[in-house]
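Report on the structure
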Amino acid sequence: MLGNYSSATEFSLLGFPGSQQLRHTLFATFLLLYSVTLMGNSVIILIVCVDKRLKSPMYFFLGHLSVMEMLITTTIMPVMLWGLLLPGVQTISLAGCVAQLFLYLAVGTAEFSLLAVMAVDRYVAVCNPLRYNIIMNSCTCTWMVVVSWVFGFLFQIWPVYATFQLTYCKSNVVNNFFCDRGQLLKLSCDNTLFTEFILFLMAVFVLVGSLMPIIISYTYIIATILRIPSASGRRKAFSTCASHFTCVVIGYGSCFFLYVKPKQTQAADYNRIVSLMVSVVTPFLNPFIFTLRNDKVLEVLRDGLKRSCHLSRN
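Residues numbered from 1 in each chain as written. Predicted model: local features only at pLDDT ≥ 70, side-chain atom pairs only at ≥ 80, totals over all residues. Heavy atoms only, no water.

A word on the overall build of the protein chain. When helices and strands are counted, the protein chain shows 11 helices and 3 strands. The C-alpha radius of gyration of the protein chain comes to 21 Å, within 12% of the 20 Å expected for a compact globule of 314 residues. Referenced to the eigenvectors of the C-alpha coordinate spread, the extents of the protein chain come out at roughly 65 × 50 × 30 Å. Out of the 314 residues belonging to the protein chain, those deemed buried represent 48%. (Helix = DSSP H or I, 4+ residues; strand = E, 2+ residues; numbered from the N terminus. Rg over C-alpha atoms; globule rule 2.2 N^0.38 Å. Buried < 20%, exposed > 50% of the residue type's maximum accessible area, 1.4 Å probe, protein only.)

If you want it as structure tokens, here you go:
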């Protein structure tokens, strides 16, 4: 299990400790969560693409957010589920580990950028409703989404490259259910202090940099909503932002605990729990957050169910 980076061709993932019965229980639980996550996000993507009532910037962004959530959880979950079925330690190739870490970080970075874009969209909708269609036209929305995707993938090239340029001479056993960067840094016999500090600054740049437009947007949104004279008007204005705000709190809260710290190599159990929040729980919750609190989406879903029932009867 020992060796340096040049001779290592695979890493071993410890996954979840416990008996085989516990691992099978976790497998069934995570498989259910994964299936619901794929189904829920796929439904959102489908209705956004086919229903004309959802042809607006907010739902265009929501469709891309659902794609990102599916990619993040699919990057992690199949490997984790397979590991829970195996009786021993799971192995992943070096190339597979690089690909998994890069996709996980790149799509996650793109998602934070998109959440900032969605906050700006809600700001324009609430604070400048008469100019909304002019400002948030199809060209602007497309460019915002493209920039979010491209930025996410380009920004994470160096961090992943720097991680795998280290010499892994202590062990190749990763104490997590995926190729976690913090645990990979633990395996290096190099001095990782400078690398960890740069990774910390880059994490701060992504999270704080994307959080600032959200904070500024919601400051103006709240100020505008409080000036609305009627209570029903205030509730309607706030309801258009509630789902996005809930998603922001869950997503940023988890990632601040996981990545914004000078020391990347903290306790494995802590990493494992927060990683589950980011890669499993959040993608599972988002379809419910954006559908159960959105009257228009619920209306589209009800109409779709009615049509399906009518077709099945005929």
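What follows deals with empty space enclosed by the protein. Inspection of every chain in the model, using the stated rule, returns 4 cavities of 30 Å³ or more. As for the second largest cavity, its lining consists of 13 residues, of which Met58, Met118, Thr240, His244 and Phe290 are closest to the centre. Sorting the residues of the lining of the second largest cavity by element identifies helix H2 (57-85), helix H3 (94-127) and helix H9 (231-259) as the ones contributing at least two each. Of the residues contributing to the lining of the second largest cavity, the split by class is 6 nonpolar, 5 polar and 2 charged. (1 Å grid on protein atoms, 1.4 Å probe; cavity = no way out; pocket = protein on both sides within 12 Å on 5 of 7 lines; lining within 4 Å. Points joined across faces, edges and corners; volume = space filled by probe spheres on them. Nonpolar A, V, L, I, M, F, W, Y, C, P; charged D, E, K, R; others polar.)

Before going further, it helps to spend a moment on the packing of H3 against helix H8 (residues 193-226). Closest axis-to-axis distance for the H3/H8 pair is 9 Å, and the angle between their directions is 15°. One way to sum up the angle between H3 and H8 is to call them roughly parallel. Crossing angle aside, the handedness with which H3 passes H8 is left-handed. Note on element contacts: H8 touches H3 through Val206, Leu207, Ser210, Pro213, Ile214, Ser217, Tyr218, Tyr220, Ile221, Thr224 and Ile225, opposite Thr109, Phe112, Leu115, Ala116, Ala119, Val120, Arg122, Tyr123, Val126 and Cys127. (Axes fitted to C-alpha atoms, helices over the stretch in contact; angles between N-to-C directions. Parallel < 35°, antiparallel > 145°, perpendicular 65-115°, else oblique. Left-handed = near helix turned anticlockwise from the far one by under 90°. Contact = heavy atoms within 4.5 Å.)

Let's shift gears to the pattern of salt bridges. Under the defined criterion, the tally for this structure stands at 4 salt bridges. Residues joined by salt bridges that share partners form a network here, namely Asp51, Arg53, Glu299 and Asp303. (Salt bridge = Lys/Arg side-chain N within 4 Å of Asp/Glu carboxyl O.)

Bringing the nonpolar core into the picture now. Counting residues in each nonpolar core, the largest one holds 79 residues, and the members touching the most others are Phe11, Phe30, Leu115, Phe164, Leu184 and Ile214. It is H3 that contributes the most residues to this core, 16 residues altogether. With residues near it in sequence (within four places) discarded, Phe11 still touches Gln90, Thr91, Ile92, Leu94, Cys97, Phe164, Tyr168, Asn172, Val174, Leu184 and Leu187. (Core = buried A, V, L, I, M, F, W, Y, C linked by side-chain atoms within 4.5 Å.)

Moving on to the state of the cysteines. Evaluation of the coordinates by the stated rule reveals 1 disulfide. With a sulfur-sulfur separation of 2.0 Å, Cys97 is cross-linked through a disulfide to Cys179. Since a negative S-S torsion denotes a left-handed disulfide, the Cys97-Cys179 link at about -135° is left-handed. A residue pair is termed long-range when its members are at least 10 positions apart, and Cys97 in helix H3 and Cys179 in the loop between strand E3 (173-174) and helix H7 (181-187) qualify at 82 residues. (Disulfide = S-S within 2.5 Å.)

Within the secondary structure, Thr109 sits in helix H3. For Thr109, a relative accessible area of 4% translates into the label buried. Each residue touching Thr109, except ones within four places of it in the same chain, is listed here: Phe151, Gly152, Phe155, Gln156 and Val206.

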